[in-house]
Number of protein chains: 2
Amino acid sequence: MSSANAIHIADAAADGKGKAATVAKPTRFKGGWRRGLAIFDFILRLFAIAAALAAAAAMGTTDQTLPFFTQFFQFKASYDDLPALTFFVIGNAIAGGYLVISLPFSIISIVRPYAVAPRSLLFIFDTIMVALTTGAASSAAAIVYLAHKGNSSANWIAICQQFNDFCQQTSGAVVASFIAAVIFILLIVMSASALRKS
Amino acid sequence: MSSANAIHIADAAADGKGKAATVAKPTRFKGGWRRGLAIFDFILRLFAIAAALAAAAAMGTTDQTLPFFTQFFQFKASYDDLPALTFFVIGNAIAGGYLVISLPFSIISIVRPYAVAPRSLLFIFDTIMVALTTGAASSAAAIVYLAHKGNSSANWIAICQQFNDFCQQTSGAVVASFIAAVIFILLIVMSASALRKS
């Protein structure tokens, strides 16, 4: 900023009458660039809402009861049997709820491309949400992988032969949550470039 | 920036001779603030290196062989028996390696507090590393939790009664990795405030 500032000031000082024109022109150009980024931010947030809420809903509705009897005690697989999957539903629901609340702030960024406060606020919460959605998706992925493959060392059996629908639905939910996490990373990088000086 | 800029220009235009003084003073003040942040960034990176490499090392050296025989086929617990823990070691090793490489860029930010390129580069990679370390820590946490508690619905037994040392070491590694992830989030927020216009 210092060098750009100095140039503007030198211009303005050199040509006192042309001051307004010299300053207004780059400002409008930069505003347009920032506004375009803010609109893209808003659209990405809509996709992220869809991904996060779809992930939470898909995981939250997994509830498969087997029609036959086996040697196992339990015949019913539900997300709330596994703490990692419960965390997944809560994490994605929080991310989805946050995204809905963030939409007005994103609109403020479109209307006022130079406002620093709403972008900074979104930036900090977006960063926390990257950690939340990635954490939720990863822990659920570890459990879903285990459900698919099992682990002979720990003597954990694969349960996907019995609970096929359960495994398909949870796998889809994990993918949706990772999509939400990637969108959050894009939002952060975009916010940072909109916030940066130049 | 527009309003601050306008004020500087108005000042400079109004008082042509006092121009150099008006501009130089806030510049030096802001440089000091940014430099302080860059030094803190460097120190935090050192802590993050310690946390990430400690996590990778602690997890990578877990290898417990039981001195007695049980009804299970396997008597040896190692991180590479579980894909989530292997991912944990790789993820934290990558994060630690990246942090070591990032130190020179952090030093450039201390020397040149206004340089945008090194900070932007660090910012983007830090964001990716938040996702990587959080993902690695979360998936390992899901598996370690399962090892501690087991799960009756899926008929997965807790293995920590047998593999006590293994469980303690992996739990410590997970905590270290979460500390690295929190430091990365701090680094991102600090980079963004150093990069932002004001």
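The shown structure was predicted, so the numbers you read here are calculated from the model rather than taken from an experiment. (Residues numbered from 1 in each chain as written. Chains lettered and ligands numbered in written order. Predicted model: local features only at pLDDT ≥ 70, side-chain atom pairs only at ≥ 80, totals over all residues. Heavy atoms only, no water.)

(A) Quick peek at the overall build of chain A. For chain A, the count of helices and strands is five helices and two strands. Scanning chain A from its N terminus toward the C terminus, one meets helices and strands in the order α-α-β-β-α-α-α. Taking all 198 residues of chain A together, the buried fraction comes to 48%. As presented, chain A carries roughly 9000 Å² of accessible surface, and 71% of it is formed by carbon and sulfur atoms. (Helix = DSSP H or I, 4+ residues; strand = E, 2+ residues; numbered from the N terminus. Buried < 20%, exposed > 50% of the residue type's maximum accessible area, 1.4 Å probe, protein only. Areas by Shrake-Rupley, 256 points an atom, 1.4 Å probe, with all protein chains shown as cover.)

(B) Region of interest: the confidence of the model for chain A. Residue and element names in this part refer to chain A. Residue-level pLDDT values for chain A average 81, and 78% of them are 70 or greater. Here helix H1 (residues 2-14) stands out as the element of chain A with the lowest mean pLDDT, 44, in contrast to helix H3 (residues 83-111), whose mean of 94 is the highest. Long-range and interchain partners of residues 1-27, a stretch whose pLDDT sits below 50, account for 23 contacts in this model, where long-range means more than four residues apart. Predicted complex metrics record ipTM = 0.76 and pTM = 0.78. (pLDDT = per-residue confidence, 0-100. Contact = heavy atoms within 4.5 Å.)

(C) Examining the nonpolar core more closely. With 53 residues, the main nonpolar core has A:Phe123, A:Val130, A:Phe184, B:Phe123 and B:Phe184 as its most contacted residues. Here this core takes 10 residues from helix H5 (residues 164-195) of chain A, the largest share from any one element. Once residues within four sequence positions are removed from consideration, A:Phe123 is found in contact with A:Ile188, A:Ser191, A:Ala192, A:Leu195, B:Phe123, B:Ile188, B:Val189 and B:Ala192. If you look at the next biggest cluster of nonpolar residues, it comprises 52 residues, including B:Ala77, B:Leu82, B:Leu146 and B:Val174. (Core = buried A, V, L, I, M, F, W, Y, C linked by side-chain atoms within 4.5 Å.)

(D) View of the packing of aromatic side chains. All told, the structure shown has seven aromatic pairs over all chains when counted by the stated rule. Aromatic ring contacts, followed pair by pair, group A:Tyr98, A:Phe125 and A:Phe184 into a single cluster. (Phe/Tyr/Trp six-rings, centres within 6.5 Å; stacked < 30°, edge-to-face > 60°.)

(E) Looking closely at the side chain of A:Ser109. You can see A:Ser109 is positioned in helix H3. Apart from the residues lying within four places of it in its own chain, the contact partners of A:Ser109 are A:Ala38, A:Pro118 and A:Arg119.

(F) Quick look at helix H3 (residues 83-111) of chain B. With 29 residues, H3(B) should cover 42 Å at 1.5 Å per step; its first-to-last C-alpha distance of 42 Å lies within 8% of that length. Along H3(B), the helix axis deviates most sharply at B:Ser102, where the bend reaches about 35°; the proline B:Pro104 sits within four residues downstream. (Expected span 1.5 Å × (residues − 1). Bend = angle between axes of the 7 residues up to and from the residue.)

(G) Summary view of the state of the cysteines. Residue and element names in this part refer to chain A. Evaluated as defined, the whole model comprises two disulfides over all chains. Residue pairing for Cys160: its cysteine sulfur links by disulfide to Cys167, the two sulfurs lying 1.8 Å apart. Taking the torsion about the S-S bond as the criterion, the Cys160 to Cys167 disulfide, at about -90°, is left-handed. Judged by its relative accessible area of 9%, Cys160 falls in the buried class. (Disulfide = S-S within 2.5 Å.)

(H) Main features of the packing of H3(A) against helix H4 (residues 116-149) of chain A. Residues and elements named next belong to chain A. One way to put it is that H3 packs onto H4 with a least axis distance of 9 Å and a crossing angle of 160°. By the angle class used here, H3 and H4 are roughly antiparallel. Of the two elements, H3 crosses H4, and the hand of that crossing is left-handed. The residue inventory of the contact of H3 with H4, partitioned by class, reads 20 nonpolar, eight polar and two charged. (Axes fitted to C-alpha atoms, helices over the stretch in contact; angles between N-to-C directions. Parallel < 35°, antiparallel > 145°, perpendicular 65-115°, else oblique. Left-handed = near helix turned anticlockwise from the far one by under 90°. Nonpolar A, V, L, I, M, F, W, Y, C, P; charged D, E, K, R; others polar.)

(I) A look at the environment of A:Tyr79. All names here are of chain A. Its location among the elements puts Tyr79 in the loop between strand S2 (76-78) and H3. Judged by its relative accessible area of 21%, Tyr79 falls in the partly exposed class. Residues Tyr79 and Phe40, 39 residues apart in the sequence, show an inter-C-alpha distance of 34 Å. Beyond its immediate stretch of four places on either side in the chain, Tyr79 contacts Met59, Gly60, Thr62, Leu85, Thr86, Val89 and Phe166.

(J) Looking closely at the UniProt feature "transmembrane region" (unreviewed entry) in chain A. Residues and elements named next belong to chain A. As annotated in UniProt, the feature "transmembrane region" (unreviewed entry) corresponds to residues 42-62, 82-111, 123-147 and 173-195 in the numbering used here. This span, residues 42-62, is 90% helix and 0% strand, and a straight line between its end C-alpha atoms measures 31 Å. Structurally, residues 82-111 comprises 97% helix and 0% strand, and the distance from its first C-alpha atom to its last is 44 Å. (UniProt positions renumbered as here; feature names shortened; annotations may be inferred.)

(K) Examining the pattern of salt bridges more closely. In total, this model carries four salt bridges over all chains according to the counting rule given. The salt bridge involving A:Arg45 is made with A:Asp41; its shortest N-O contact spans 2.7 Å. In this pair, A:Arg45 and A:Asp41 are both assigned in helix H2 (residues 19-60), four residues apart and thus about one turn of the helix distant. Accessibility classification places A:Arg45 together with A:Asp41 in one group, the buried group. As a salt-bridge pair, B:Asp126 and B:Arg45 come within 2.9 Å of each other at their nearest N and O atoms. (Salt bridge = Lys/Arg side-chain N within 4 Å of Asp/Glu carboxyl O.)

(L) Highlighting the side chain of B:Asp126. Positionally, B:Asp126 belongs in helix H4 (residues 116-149). When residues no more than four places from it in sequence are discounted, the contact partners of B:Asp126 are B:Arg45, B:Tyr98, B:Phe184, B:Leu187, B:Ile188 and B:Ser191.

(M) Expanded view of the packing of H3(A) against H5(A). All names here are of chain A. Remark: H3 packs on H5, axes separated minimally by 11 Å, with the N-to-C direction vectors making an angle of 40°. Taken as axis vectors, H3 and H5 run oblique relative to one another. As H3 runs across H5, the sense of the crossing is left-handed. In this structure, H3 contributes Leu85, Phe88, Asn92, Ala95, Tyr98 and Leu99 to the contact, and H5 contributes Phe166, Thr170, Ala173, Val174, Ser177 and Phe184. Taken together, the residues of the contact of H3 with H5 sort by class into nine nonpolar, three polar and no charged.

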